[in-house]
Amino acid sequence: MSYSPSPILSCCILAYRPLKVAIVGATGSVGQELLKLLSTRKFPIRELILIASPSSVGQVVQWNNQKIIIQALNEAVFNNVDVVFMSAGSGISFRWTPIAVASGAIVIDNSSAFRLDPTVPLVVPEVNPQAIAYHQGILANPNCTTILLTLVLGPLQSRGEINKIVLSTYQSASGAGTLAMQELQSLSRNFLDGTELSSHVLPYSLAFNLFLHNSSMQSNGYCEEEMKMVNETRKILSSSSLSVSANCVRVPILRAHSEAVNITFNNPMSLDEVRAILTSSTGIEIIEDFDGNRFPMPTDVNGRDSIAVGRLRKGLNDDNNLELWLCGDQIRKGAALNAIQIAELLLSRDLRK
Ligand SMILES: NC(=O)C1=CN([C@@H]2O[C@H](COP(=O)(O)OP(=O)(O)OC[C@H]3O[C@@H](n4cnc5c(N)ncnc54)[C@H](OP(=O)(O)O)[C@@H]3O)[C@@H](O)[C@H]2O)C=CC1
Ligand SMILES: N[C@@H](CC(=O)OP(=O)(O)O)C(=O)O
């Protein structure tokens, strides 16, 4: 099943009346990327409502030659809104999504609040577009690291059954929001100046350092981010018994996440076949030069829609085993772009309810 943000889709979108759209969390990393993409993808908007925390209310944002004033969250703000992009953390989503839906909006939620709710589709449009059909007003955007992973697993799964995935992630500071990215910049300067390195946003200084992902530790010894990768990957791939084991690490990169992925299939799959599948998949670019030892890097994907995959190789002692490396801009494809693609898919299939 493949989804492509094609000119045909753009035509379908243009066939609909322009929408009233709201972004909750408009001043954040993901909110800012949403603003850029809604403009460049010419999403059909007749009115855009921007919402952020009380400290940003009243600020003026320039968007498509309009000046838009940031508003506060309240029930009235969702009046006549068609689509809401929720992007202000799970606490805000839990509280305000039902209110937005009750006032008639469809909510595309970037947070983890509803991702595992069986009535809420968890969608990567290139992988499981069919899931949008059962929405009841809320559609969940998966965890960023999981979107990047399933973009690769989806097309491979359509060729051969996957029974086990073991992966390690290398997650940038911006995955923890704008303030974490700013903290990495300032603490890196401090490190080079030999001055104080105390962190306030992330638990430790990320400057010239790395540590286990900063989400909460679970009783099973895995952190919350790792368990999101397990549970969300299973839901997106409709494979409840899939074995997934993740080790998630925060690294001193500003933007874009990387992942080292080991996949075990039920049957052997040749590297030529894997390359052919991934090369023809939407949203994936192959970067690999074994002679030059040149594979995907975060700087290859910053600000890009596609993720980059490379270093495809067979497991040394198992013909059913495949190793690969990927990098993807988690603010773009891992969050804002994927959310807008979900909205575009809804419009193209006229699944607004
Ligand atoms: N960063 C990433 O890579 C990814 C993030 N996500 C998810 O997207 C969401 C946003 O993340 P991100 O943009 O990184 O976060 P940021 O910390 O960069 O931004 C948070 C946004 O939420 C707003 N906000 C905070 N409190 C309130 C409030 N009480 N009422 C209204 N708005 C509020 C902030 O407004 P203000 O500026 O005024 O404080 C800001 O606009 C989160 O749910 C996150 O889990 C998902 C995938 C990837
Ligand atoms: N995965 C993000 C954190 C995040 O925003 O996750 P979620 O959307 O699942 O809460 C990171 O790099 O830290």
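All of these numbers come straight from a predicted model, not from anything done at the bench.

Cut-offs and rules
Residues numbered from 1 in each chain as written. Chains lettered and ligands numbered in written order. Predicted model: local features only at pLDDT ≥ 70, side-chain atom pairs only at ≥ 80, totals over all residues. Heavy atoms only, no water. Domains from an automatic or database assignment. Buried area = accessible area lost by both parts, 1.4 Å probe. Salt bridge = Lys/Arg side-chain N within 4 Å of Asp/Glu carboxyl O. Polar contact = N/O pair within 3.5 Å; in protein donor to acceptor, adjacent residues only side chain to side chain. Helix = DSSP H or I, 4+ residues; strand = E, 2+ residues; numbered from the N terminus. Nonpolar A, V, L, I, M, F, W, Y, C, P; charged D, E, K, R; others polar. Near = heavy atom within 4 Å. Areas by Shrake-Rupley, 256 points an atom, 1.4 Å probe, with all protein chains shown as cover. Phe/Tyr/Trp six-rings, centres within 6.5 Å; stacked < 30°, edge-to-face > 60°. Buried < 20%, exposed > 50% of the residue type's maximum accessible area, 1.4 Å probe, protein only. Pairing = 2+ DSSP bridges. Axes fitted to C-alpha atoms, helices over the stretch in contact; angles between N-to-C directions. Contact = heavy atoms within 4.5 Å. Parallel < 35°, antiparallel > 145°, perpendicular 65-115°, else oblique. Left-handed = near helix turned anticlockwise from the far one by under 90°. Expected span 1.5 Å × (residues − 1). UniProt positions renumbered as here; feature names shortened; annotations may be inferred.

## Some words on the domain arrangement of the chain
Okay, so step 1: In terms of domain boundaries, the chain breaks down into domain 1 (7-142 + 335-348) and domain 2 (146-330).
Okay, so step 2: Summarising the inter-unit geometry, the C-alpha centres of domain 1 and domain 2 are found 25 Å apart.
Okay, so step 3: Here domain 1 and domain 2 share an interface that buries about 1,500 Å² over both sides, 58% of which is from carbon and sulfur atoms.
Okay, so step 4: Scanning the region where domain 1 abuts domain 2 turns up three salt bridges.
Okay, so step 5: Aspartate 305 is the salt-bridge partner of arginine 41, the closest N and O atoms lying 4.0 Å from each other.
Okay, so step 6: The tally of links between domain 1 and domain 2 comes to seven residue pairs in polar contact (both at pLDDT 80 or more).
Okay, so step 7: Elements represented by at least two residues in the side of domain 1 that touches domain 2 include exactly helix H2 (29-40) and helix H9 (332-348).
Okay, so step 8: The class makeup of the residues in the side of domain 1 that touches domain 2 is 11 nonpolar, six polar and five charged.

## Considerations on the site of ligand 2
Okay, so step 1: The immediate surroundings of ligand 2 are formed by Asn110, Arg115, Asn143, Cys144, Thr145, Gln171, Gly175, His213, Glu225, Lys228, Arg250 and His257.
Okay, so step 2: Here an oxygen atom of ligand 2 and a side-chain polar atom of histidine 213 are 2.7 Å apart.
Okay, so step 3: Glutamate 225 places a polar side-chain atom, nitrogen or oxygen, 2.6 Å from a nitrogen atom of ligand 2.
Okay, so step 4: Contact with the protein chains removes 80% of the 340 Å² of surface that ligand 2 exposes when unbound.

## A word on the packing of aromatic side chains
Okay, so step 1: Under the counting rule described, the total for this entry stands at seven aromatic pairs.
Okay, so step 2: Where phenylalanine 43 meets phenylalanine 85, the ring centres are 6.5 Å apart and the plane angle is 70°; that geometry is what we call edge-to-face. Taken as a pair, phenylalanine 43 in the loop between H2 and strand S2 (45-51) and phenylalanine 85 in strand S5 (residues 83-86) lie far apart in primary sequence, 42 residues in all.
Okay, so step 3: Taking the centre distance of 4.3 Å and the plane angle of 25° together, the rings of phenylalanine 191 and phenylalanine 208 count as stacked. Remark: phenylalanine 208 occurs in the loop between helix H5 (178-193) and strand S9 (211-212) and phenylalanine 191 occurs in helix H5; sequence separation between them is 17 residues.
Okay, so step 4: Since its relative accessible area comes to 39%, phenylalanine 191 is described here as partly exposed.

## A short note on the sheet that holds S2
Sheets are built from strands paired through backbone hydrogen bonds, the pairs being either parallel or antiparallel.
Okay, so step 1: Reading across from one edge, S2-S1-S5-S6-S7 is the order of the five strands in this open sheet, with parallel pairing throughout. A strand with exactly one partner marks an edge of an open sheet, and here the two such strands are S2 and strand S7 (138-140). The sheet shows a mean angle of 15° between the axes of neighbouring strands, direction not considered.
Okay, so step 2: Where strand S1 (residues 19-24) and S2 come together, six bridges link them in parallel fashion. Across the sheet, the residue bridging to alanine 22 is isoleucine 49, located in S2.
Okay, so step 3: On the sheet, H9 packs against S1, S5, strand S6 (106-109) and S7 and is oriented at approximately 150° with respect to S6.

## What about the site of ligand 1?
Okay, so step 1: Near ligand 1 you find 26 residues, and of these Thr27, Val30, Ser53, Ser56 and Thr178 are the closest.
Okay, so step 2: Residue valine 30 places a main-chain N or O atom 2.9 Å away from an oxygen atom belonging to ligand 1.
Okay, so step 3: Contact with the protein chains covers 76% of the free accessible surface of ligand 1, which is 900 Å².
Okay, so step 4: Elements with a minimum of two residues in the shell around ligand 1: H2 and H9.
Okay, so step 5: Here the residues of the shell around ligand 1 sort into nine nonpolar, 17 polar and no charged.

## Quick notes on the packing of helix H4 (residues 144-157) against helix H6 (residues 224-236)
Okay, so step 1: Where H4 meets H6, the closest approach of the two axes is 9 Å, and the angle between their N-to-C directions is 40°. The angle between the axes of H4 and H6 places the two elements in the oblique class. Between H4 and H6 the crossing geometry is right-handed. When H4 is examined against H6, the residues Thr145, Thr146, Leu149, Thr150 and Leu153 are found in contact with a partner set consisting of Glu225, Lys228, Met229, Glu232, Thr233 and Ile236.

## Section: H6
Okay, so step 1: Taking 1.5 Å of rise per residue, the 13 residues of H6 would be expected to cover 18 Å, and the 18 Å separating its terminal C-alpha atoms lies within 8% of that figure.
Okay, so step 2: Taken as a whole, H6 has its buried residues at Glu225, Glu226, Lys228, Met229, Val230, Glu232, Thr233 and Ile236.
Okay, so step 3: For H6, the elements touching its buried residues are H4, strand S8 (162-171), S9, strand S10 (243-250) and strand S11 (257-265).
Okay, so step 4: One or two residues past the end of H6 sits serine 238, with phi positive at roughly 50°.

## Overview of the pairing of strand S3 (residues 60-63)
Okay, so step 1: The alternating pattern of S3 places Val61 and Trp63 on a buried face, while none of Val60 and Gln62, on the opposite face, is buried.
Okay, so step 2: Turn length for the S3-strand S4 (residues 66-69) hairpin, with the two strands adjacent in sequence and antiparallel, is two residues, and the turn residue asparagine 64 shows positive phi of about 50°.

## A short note on the UniProt feature "active site" (unreviewed entry) in the chain
Okay, so step 1: UniProt feature "active site" (unreviewed entry): in the numbering of this structure it lies at Cys144 and His257. Despite a sequence span of 114 residues, these residues sit close together in the fold, their greatest C-alpha distance being 8.6 Å.
Okay, so step 2: Secondary-structure assignment places cysteine 144 in helix H4.
Okay, so step 3: With near-sequence residues (within four places) excluded, cysteine 144 lies in contact with His257, Gln330 and Gly334.
Okay, so step 4: Looking at the element boundaries, histidine 257 is found in strand S11.
Okay, so step 5: Under the relative-accessibility criterion, histidine 257 is labelled buried at 0%.
Okay, so step 6: In this structure, histidine 257 is in contact with Cys144, Thr145, Leu148, Tyr170, Gln171, Ser172, Gly175, Arg250, Leu326, Cys327, Gly328 and Gln330, ignoring residues within four places of it in sequence.
Okay, so step 7: Of the polar contacts made by the side chain of histidine 257, one reaches the backbone nitrogen of serine 172; its length is 2.9 Å.

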